Amino acid sequence: MNAQTMAHRAYAQTATSTRTDRAIEYDLFARVTHRIKSAAEAGPKAYPKLVEALYDNRNLWTALAVDVADPKNKLPQELRAQIFYLSEFVQVHTGKVLARKARLAPILEVNAAIMRGLSGRRAKR
């Protein structure tokens, strides 16, 4: 192993360990949202990729719901309830999207709102 490879590995480990929980959550939402958008824009041939991305999005929201349902969670109770509600909405709406009875846009909008919140940015008016 050369010095450059060793330095890269050492830096990557440090960079990963210094990321905040918010940054990690933002990254997860950004990645899955990008995958959903890309698959949707690619058209009908990319439907399996869309299904996979929506499945991963549902899993992300399930994990978030479990986290905010934990009594030890330190977020304010009202915010925890709102996040839990959004998780339920995403679960139900995703089913409708997969059944081709609803549009994908609301899921993307909810994910974007969460990313804005995680980054500290406000919505554009």
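Placed above this text is the structure.
The rules behind these values
Along each chain, the written sequence defines residue order, and numbers are assigned to residues from 1. Totals for whole chains, interfaces and linings use every residue, but because this is a predicted model, local features are given only for residues with pLDDT of at least 70 and side-chain atom pairs only at 80 or more, for both listing and counting. Each side-chain value is derived from all of the structure's non-hydrogen atoms; neither hydrogens nor water enter the calculation. Geometry of aromatic contacts follows a simple scheme: Phe, Tyr and Trp rings, the Trp one being its six-membered ring, pair when their centres are within 6.5 Å, and the pair is stacked under 30 degrees between planes, edge-to-face over 60, tilted otherwise. What counts as a helix is a DSSP run of H or I of at least four residues, what counts as a strand is a run of E of at least two, and both are numbered from the N terminus. Working definition: with a 1.4 Å probe on protein chains only, accessible area under 20% of the residue-type maximum means buried, over 50% means exposed, and in between means partly exposed. Counted as over-ring charges are cases with an Arg CZ or a Lys NZ within 6 Å of the ring centre that also lie within 35 degrees of the ring normal. Counting of polar contacts relies on pairs of N or O atoms within 3.5 Å, with two restrictions inside protein: one atom must be capable of donating a hydrogen and the other of accepting it, and residues adjacent in sequence are counted only when both atoms are side-chain atoms. The criterion is simple. A nonpolar core is a set of buried Ala, Val, Leu, Ile, Met, Phe, Trp, Tyr and Cys residues joined through side-chain atoms within 4.5 Å. The contact criterion used throughout is that any non-hydrogen atoms of two residues lie within 4.5 Å.

**Some remarks on the packing of aromatic side chains**
The final tally for this structure, using the stated rule, is one aromatic pair. Seen in terms of ring centroids, phenylalanine 29 and tryptophan 61 are 5.3 Å apart; in terms of plane orientation they differ by 75°. Their pairing is edge-to-face. Taken together, the residues span a long stretch of sequence, with phenylalanine 29 in helix α2 (residues 21–42) and tryptophan 61 in helix α3 (residues 47–69) at a distance of 32 residues. The exposure class of tryptophan 61 is buried, given its relative accessible area of 0%. Geometry around tyrosine 47 places arginine 100 over its ring, the cationic atom sitting 4.3 Å from the centre.

**A closer look at the environment of aspartate 27**
By secondary structure assignment, the location of aspartate 27 is in helix α2. Along the backbone, aspartate 27 and leucine 118 are 91 residues apart, and their C-alpha atoms lie at a distance of 9.7 Å. Looking at aspartate 27, its side chain comes within polar contact range of the side chain of arginine 31, at 2.8 Å.

**Structural notes on the nonpolar core**
By size, the foremost hydrophobic cluster in this structure holds twelve residues: Phe29, Val32, Leu60, Trp61, Leu64, Val68, Ile83, Val90, Val110, Ile114, Met115 and Leu118. Sorting the residues of this core by element identifies α2, α3, α4 (77–98) and α5 (105–119) as the ones contributing at least two each. Beyond its immediate sequence surroundings of up to four residues, valine 110 is in contact with Trp61, Leu86, Phe89 and Val90. If you look at the next biggest cluster of nonpolar residues, it comprises nine residues, including Ile36, Ala53, Leu54 and Ile107.

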